[in-house]
Amino acid sequence: MKARDHRALVVILALVTGVIAIAQNEPENEDDNEARTKPTLQDIPAEQFEKSLIESDLSLPTPAELFDALAKQTNIRWRSYYRDPLTHTLANRSNTAVWLGARLADTYLAMEARDTQQVRNLSKDIQAHARNLGMGEKTEARIIRLDAFAGEQAWTGARFEVESLQSELAINLRAMRDKDLAEMILIGVWLRTLEITTLVVNAEEFEDMVVCVGGIGMVDQLLDRLEKLGPGLQKDPIIGAAKSQLERVSRIWKGEKVLSGRQYGDDEVKETHTRISTVLNYFVRKP
Amino acid sequence: MNHRRFSLIMVVLAWVCSGLTAQDTGEAADAPDSDERKFGARSRAYDLEFSVSAAGNYKRRDTYWEGVLDADDTVIIPLQLFKGNDYMIAIGLGSKENVVAVTAFNCAGKVMPLIPDEQEGRLLLPVSPNQSGAHFLRLRLRNGVTTPVYAVMTYLYR
């Protein structure tokens, strides 16, 4: 009798524990999904937010803004974050566009290091990839101006030229009905930027760790852009894998967790770096 | 006699046509997205950009948002801002008589108590975020204003 009571108690306890565990997990997952699509915004009515929110290229900052913010917190040896050029040809135009974006981000990095030669090396690389996308002639004038600014160590002008180059590439690709390629360039810019910033935040002392992912909402913005790519690219397994990795990163740095003052450590930054790097490498690996 | 009547008809026709053309031009110029208004808004935004970058050591962006703000219409533009940077949001409007209401919200969607510097169709809003992430800028016509306004917006940072 006593043994039966004991077994019943154990079963009841197990059930209660299970129910509590499920109840604790479910809202967490719901929150994760909810946070990306509908941010909680205290003073903006939800209806007005959904109706009035617009998409603009202005919403995506330049890497220089993030690098500037990082450099204000600590001294950074920017040259140690350079990435070598690829030695192989990429599989297709969308992968080329991602790598072209990555090289634009590397140009911002070289400008932080005030490295004229590296900017010139990168501008050659950018032009070669732009040529592969049929944009060689359209980028030539900007590349010449960028090299000239870098030669004079006029970094403010050089940064402006890189953004103009990026904008012109996007405008021309959209005009050629290659909207997706324009998006892939922007995605490449930010994947490489976050690959750099996660390394920097991991290596140096930072009070504000969320800056490694470009602040609250940056990864979600990249995910939104990946999700809005055309049906052709959505079938590409690389895009699916990239979205899955970025979803995981988004969950680590979910806005509410950051805003609640949750403490982040090296583990989260390392995991984020590994996932971002993995995504970038999906696009630029050997065919 | 016929010649005189023909001349009179021609003069009347010319007067009617010139009146119609003037009316057309007037309406086109008054349209919020007319070339004149677009040019006005862009040049006011550029003026602001150049004066702020020269005076305050701010770096310019080469990207803009532009569009018409209608009555009962609100535009919310997300901006990814970083803690440690100072930002200056610059807005140019179609004519120097135009005014708009601008509100900035932080990452949590809370109103940031900021006072814009506004004069003659030019508006500057300084923002120094205390959290890195998506901020939101809401633009709309002031209460009681019903005439649509063309607006061009960008920002500078340092």
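See above for the structure.
This structure is a prediction, so every number in the text was calculated from the model and none was measured.

Asker: Just to check I follow, could you spell out the overall build of chain B for this structure?
Answerer: The number of helices and strands found in chain B is 2 helices and 9 strands. Listed by position from the N terminus, the elements making up chain B come as α-α-β-β-β-β-β-β-β-β-β. Residue burial in chain B is summarised as follows: out of 158 residues, 47% are buried. In chain B, of all internal contacts separated by at least 6 residues, the share reaching a separation of at least 24 is 79%.

Asker: Got a minute to help me understand the overall build of chain A in this structure?
Answerer: Along its length, chain A carries 13 helices and 0 strands. Seen in sequence order, chain A has helices and strands lined up from the N terminus as α-α-α-α-α-α-α-α-α-α-α-α-α. Taken across its 287 residues, chain A has 53% of its residues classed as buried. For chain A, the share of sequence-separated contacts (at least 6 apart) that also reach a separation of at least 24 residues comes to 73%. Taken as a whole, chain A presents about 14000 Å² of accessible surface, with 51% of it coming from carbon and sulfur.

Asker: Sorry if this is basic, but what is going on with helix α5 (residues 116-132) of chain A here?
Answerer: Residues and elements named next belong to chain A. With 17 residues, α5 extends 25 Å from end C-alpha to end C-alpha; this agrees with the ideal 24 Å at 1.5 Å per step. Check the buried side of α5 and you find it contacts α4 (93-112), α6 (136-151) and α7 (155-175). Phi for glycine 134, located one or two positions after α5, is positive at around 80°.

Asker: Would you mind showing me how to read the interface of chain B and chain A here?
Answerer: Much of the literature gives interface size as the accessible area that the parts lose upon coming together. Each partner contributes to the interface: chain B provides 38 residues, whereas chain A provides 43 residues. Contact between chain B and chain A buries roughly 3400 Å² in total, counting both sides, with carbon and sulfur atoms accounting for 55%. Along the contact surface separating chain B from chain A lie 3 salt bridges. There are 25 residue pairs in polar contact (both at pLDDT 80 or more) connecting chain B and chain A. Residue assignment for the side of chain B that touches chain A shows that the elements contributing at least two residues are β1 (59-60), β3 (74-81), β8 (133-141) and β9 (149-157) of chain B.

Asker: Would you explain the packing of aromatic side chains in this entry?
Answerer: Two aromatic rings, taken as a pair, are described by how far apart their centres are and by the angle between their planes. Here the structure, examined in full by the defined rule, presents 5 aromatic pairs over all chains. Judged by centre distance (4.2 Å) and plane angle (20°), the rings of tryptophan 253 of chain A and tyrosine 264 of chain A are stacked. Taken together, the positions of tryptophan 253 of chain A in the loop between α11 (237-252) and α12 (255-259) and tyrosine 264 of chain A in the loop between α12 and α13 (266-284) put the pair 11 residues apart, joining distant regions of the chain. Tryptophan 253 of chain A sits in the buried class, given a relative accessible area of 5%. Judged by its relative accessible area of 11%, tyrosine 264 of chain A falls in the buried class. Sitting above the plane of the phenylalanine 160 of chain A ring, arginine 60 of chain B keeps its charged end 4.2 Å from the centroid.

Asker: Got a minute to help me understand the environment of leucine 53 of chain A in this structure?
Answerer: Residue position: leucine 53 of chain A is located in the loop between α2 (46-52) and α3 (63-71). Residues contacting leucine 53 of chain A, with those up to four places away along its chain left out, are Gln48 of chain A together with Ile76, Pro78 and Phe136 of chain B.

Asker: Please explain empty space enclosed by the protein as it appears in this structure.
Answerer: In this approach the atoms are scanned with a rolling probe the size of a water molecule, which exposes any empty space left behind. Under the definition given, this model contains 3 cavities of 30 Å³ or more. Reported here for the largest cavity is a volume of approximately 60 Å³. Lining of the largest cavity is provided by Thr62, Ala64, Tyr108, Thr156, Arg159, Phe160 and Glu163 of chain A together with Lys59, Arg60 and Tyr157 of chain B. Taken together, the elements giving at least two residues each to the lining of the largest cavity come down to α7 of chain A together with β1 of chain B. Ranked by residue count, the leading element in the lining of the largest cavity is α7 of chain A, at 4 residues. For the lining of the largest cavity, the class distribution of residues is 4 nonpolar, 2 polar and 4 charged.

Asker: Help me out: how do you make sense of the side chain of aspartate 208 of chain A in this one?
Answerer: Topologically, aspartate 208 of chain A is positioned in the loop between α8 (179-203) and α9 (218-227). Despite its burial, aspartate 208 of chain A pairs with no opposite charge, the nearest such side chain being lysine 83 of chain B at 4.9 Å. Ignoring sequence-local partners within four residues, the contact set of aspartate 208 of chain A consists of Gln73 of chain A together with Lys83, Gln131 and Ser132 of chain B.

Asker: How should the side chain of arginine 275 of chain A be read in this particular structure?
Answerer: Residue and element names in this part refer to chain A. With respect to the helices and strands, arginine 275 occurs in helix α13. According to the relative accessible area criterion, arginine 275 is buried, its value standing at 16%. Leaving out residues up to four positions away in the same chain, arginine 275 has contacts with Gln245, Arg248 and Val249.

Asker: In this structure, what is going on with the nonpolar core? I would like to understand it.
Answerer: One broad trend across soluble globular proteins is that nonpolar side chains are buried collectively. Core analysis: the largest hydrophobic core is formed by 109 residues, its most contacted members being Trp253 and Phe283 of chain A together with Met153 of chain B. Sort the elements by how many residues they give to this core and α8 of chain A lands first, with 13 residues. With residues near it in sequence (within four places) discarded, tryptophan 253 of chain A still touches Met209, Val210, Cys212, Val213, Val258, Tyr264, Glu268, Val269 and Thr272 of chain A. Among the nonpolar cores identified, the runner-up in size contains 7 residues, and Tyr58, Met88, Leu124 and Leu156 of chain B belong to it.

Asker: Can you walk me through the pairing of β3 of chain B in this structure?
Answerer: The side chains of a regular strand alternate between the sheet's two faces. Residue and element names in this part refer to chain B. For β3, the buried fraction is high: 8 of the 8 residues fall into the buried class. The side-chain alternation of β3 yields two buried faces, one formed by Thr74, Ile76, Pro78 and Gln80 and the other by Val75, Ile77, Leu79 and Leu81. Where β3 and β8 come together, 8 bridges link them in antiparallel fashion. Along β8, the bridge assignment pairs valine 75 with leucine 139.

Calculation notes
- Numbers given for residues are sequential positions, taken from 1 along each chain in its written order.
- Note on labels: chains are lettered from A, ligands numbered from 1, in written order.
- Local features in this predicted model are restricted to residues of pLDDT 70 or higher, and side-chain atom pairs are both shown and tallied only at a pLDDT of 80 or more, whereas totals for entire chains, interfaces and linings draw on every residue.
- Remark: hydrogens and water are excluded; side-chain values derive from all non-hydrogen atoms of the structure.
- Secondary structure follows DSSP: runs of H or I at least 4 residues long count as helices, runs of E at least 2 residues long count as strands, and numbering of each begins at the N terminus.
- Classification of residues uses two cut-offs on accessible area relative to the type maximum, computed with a 1.4 Å probe and protein chains only: under 20% is buried, over 50% is exposed, and between them is partly exposed.
- Contacts are assigned to residue pairs with any non-hydrogen atoms lying within 4.5 Å of each other.
- Reported accessibility uses the Shrake-Rupley method at a 1.4 Å probe radius. Residues are deemed covered only where the shown protein chains occlude them.
- Multiplying 1.5 Å by the helix residue count minus one yields the expected span of that helix.
- Summed over both partners, buried area is the accessible surface (1.4 Å probe) that two parts give up on being assembled.
- Salt bridges are counted wherever a side-chain nitrogen of Lys or Arg sits within 4 Å of a carboxyl oxygen of Asp or Glu.
- We call two N or O atoms a polar contact when they sit within 3.5 Å, provided that within protein one can donate a hydrogen and the other can accept it, with sequence-adjacent residues counted only if both atoms are side-chain atoms.
- Each pair of aromatic rings taken from Phe, Tyr and Trp, with Trp reduced to its six-membered ring, is defined by centres within 6.5 Å and is described as stacked if the planes are under 30 degrees apart, edge-to-face if over 60, and tilted in the remaining cases.
- Look at NZ for Lys and CZ for Arg. If either is within 6 Å of the ring centre and within 35 degrees of the ring normal, a charge sits over the ring.
- Grid spacing is 1 Å over the protein atoms alone, the probe is 1.4 Å, and a cavity is where that probe fits but cannot get out, while a pocket is an open set with protein on both sides within 12 Å along at least five of seven lines and lining residues have an atom within 4 Å of a point.
- Grid points are joined across faces, edges and corners, and a volume is the space filled by probe spheres set on the points.
- Amino acid classes used here: Ala, Val, Leu, Ile, Met, Phe, Trp, Tyr, Cys and Pro are nonpolar; Asp, Glu, Lys and Arg are charged; the rest, including Gly, are polar.
- The convention is simple: Lys and Arg are positive, Asp and Glu are negative, and His and the chain ends are not counted.
- For the purposes of this section, nonpolar cores are sets of buried Ala, Val, Leu, Ile, Met, Phe, Trp, Tyr and Cys residues that join through side-chain atoms within 4.5 Å.
- Following DSSP output, two strands are said to pair if at least two bridges run between them.

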